[in-house]
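Observations on the model geometry
Here is how the chains run, residue by residue.
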Amino acid sequence: MSDAAPTGARQRRRVTISDVAEHAGVSVGTVSRVLNRAENCGLDVRRRVRESIEALGYVPNYAARSLKRDLTTQIGLVVPDLANPVYSQMVVGVQREAAAAGYHLNVTNSGGAWGEERLALQSLEERQVDGVIVCSLQMTPSLVRAVEAHAAAVCVIGGLPMESPVDNVRLDSETGAALAVRHLLDGGRERVAFLNGTVDTTPHASRDRGYRRALRDAGIEYDAGLVAHSDFTMAGGYAGMRDLWERGNDFGGLLCANDAMALGALRYLQERGVAVPERLGVVGMDDIEAARMSTPTLTTVTSLARERGRIACQLLLTRLTSGHDRDPEKITVTPKLILRESSAPA
């Protein structure tokens with residue numbers, strides 16, 4: 001029996017870059033520049049080329065492009081904890097932006113370990129990836145030096161010295177924490193406690209500054225007896241809330257360093273029969289999906305994780321395709337307060 005196709009059957013011809021150029025009314029070179037994210041293409045031209053690619057079902061041959069440009073079309077992303085919904089949303093933001101540009105994403109769950117972060121950067125040296133996005137809970141001097149040594153192919157999400165020659169996307173968590181405390185104070189909560197996360201991390205430091213700033217702006221003295229520290233997890237929130245409550249201090253408002261901790265704190269309060277928000281107003285940070293489903297629903301501060309991932313990927317791809325001589329870009333994302341049931345005025 002022959003394996004040949006039946007007489008009259010036709011194989012669909014592969015759509016080529018020339019077909020896209022003809023459909024869009026531009027040159028083959030212009031299509032190539034759009035695919036390679038060159039900066040010298042107008043928005044209208046980019047739109048027409050993208051529409052033609054979609055209409056014709058064109059699939060770029062990225063393997064051939066990689067060989068021609070000595071690229072792998074792979075980028076790496078390092079996050080501290082994929083079990084945390086914030087970082088899984090960040091992965092989604094990076095992955096979608098990378099895929100739209102024809103790149104594949106390799107994700108490393110570092111667990112906050114310097115060794116894992118170092119290995120991700122080492123993959124740059126070994127040409128396993130073209131660039132790396134690093135999100136770390138603790139930008140130690142060693143890690144800062146390492147990313148600066150690879151500044152031409154690295155973008156950092158999170159805290160980084162402003163003078164560092166590395167593209168950087170950061171969240172203004174200090175302002176976010178201050179917004180939350182101010183909201184509780186404005187709602188009649190005269191004493192606001194603070195359940196912060198893991199000590200010696202960037203999020204811990206920035207949220208602490210925001211908490212202190214809001215108290216200072218309101219003319220309220222900082223009271224260490226109203227502050228506890230635990231892990232950035234639900235279990236950490238439960239344990240930290242127990243620590244705060246068993247101290248016997250009176251307070252009517254509570255800021256938690258993230259939503260996971262806030263959900264753990266709510267569980268402890270429910271077990272103790274403490275009414276939220278009637279007795280105690282609670283605010284988290286991050287706006288994870290579970291915050292909209294808790295009882296009561298959780299007032300929170302957005303962390304815009306998906307947006308930060310998207311922006312970081314854009315910066316990295318622009319750096320890779322437009323040359324390495326640009327000045328580093330520093331983008332700060334401003335959080336917003338999301339009002340829900342857990343912090344209704346007393």
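Residues numbered from 1 in each chain as written. Predicted model: local features only at pLDDT ≥ 70, side-chain atom pairs only at ≥ 80, totals over all residues. Heavy atoms only, no water.

**Focus on the pairing of strand β8 (residues 253–256)**
Burial along β8 is two-sided: the face carrying G253 and L255 and the face carrying L254 and C256 are both buried. Taken together, the four bridges between strand β6 (residues 192–196) and β8 define a ladder with parallel strand orientation. Its bridge partner being in β8, A193 is matched across the sheet by L254. Here three bridges tie β8 to strand β9 (residues 281–283), and the two strands are oriented parallel to one another. (Buried < 20%, exposed > 50% of the residue type's maximum accessible area, 1.4 Å probe, protein only. Helix = DSSP H or I, 4+ residues; strand = E, 2+ residues; numbered from the N terminus. Pairing = 2+ DSSP bridges.)

**Structural notes on the packing of aromatic side chains**
When we look at a pair of aromatic rings, we describe it by the centre distance and by the angle of the planes. Under the definition given, this model contains four aromatic pairs. With a centroid separation of 6.2 Å and 75° between ring planes, the pair formed by Y211 and Y222 is classed as edge-to-face. Within this pair, whereas Y211 is found in helix α9 (residues 202–217), its partner Y222 is found in the loop between α9 and β7 (227–229), the two being separated by eleven residues in sequence. Take Y211: its relative accessible area is 1%, and that puts it in the buried class. Following the ring pairs from residue to residue traces out a cluster consisting of F194, Y211 and Y222. Lying over the aromatic face of Y222, R212 brings its terminal NZ or CZ to 3.8 Å of the ring centre. (Phe/Tyr/Trp six-rings, centres within 6.5 Å; stacked < 30°, edge-to-face > 60°. Lys NZ or Arg CZ within 6 Å of the ring centre and 35° of its normal.)

**With respect to the packing of helix α1 (residues 17–24) against helix α2 (residues 28–35)**
The N-to-C vectors of α1 and α2 enclose an angle of 105°; their axes lie 8 Å apart at closest approach. Judged on the interaxial angle alone, α2 and α1 are roughly perpendicular. For the pair α1 and α2, the contacting residues are I17, S18, V20 and A21 in the first and V28, V31, S32 and L35 in the second. (Axes fitted to C-alpha atoms, helices over the stretch in contact; angles between N-to-C directions. Parallel < 35°, antiparallel > 145°, perpendicular 65-115°, else oblique. Contact = heavy atoms within 4.5 Å.)

**Description of the sheet that holds strand β2 (residues 104–109)**
With parallel pairing, six strands are arranged side by side in an open sheet as β2-β1-β3-β4-β5-β11. The open sheet terminates on both sides in strands that have one partner only, identified here as β2 and β11 (330–333). Strand-to-strand twist across the sheet, computed as the mean angle between neighbouring axes with direction ignored, equals 15°. The pairing of strand β4 (residues 154–157) with strand β5 (residues 167–171) spans three bridges and is parallel. The residue bridging C155 from the neighbouring strand is D167, located in β5. Sheet strands touched by helix α5 (residues 85–100): β1 (74–79), β2, β3 (131–135) and β4. Its angle to β1, the strand with the most contacts, is close to 170°.

**Quick word on the sheet that holds β9**
Pairing within the open sheet is parallel, and its four strands lie in the order β7-β6-β8-β9. Here the strands that pair on one side only, and so sit at the sheet edges, are β7 and β9. Strand-to-strand, the axes of this sheet are offset by a mean angle of 15°, without reference to chain direction. Along the sheet face, helix α10 (residues 234–246) touches β6, β7 and β8 and points at about 140° away from the line of β6.

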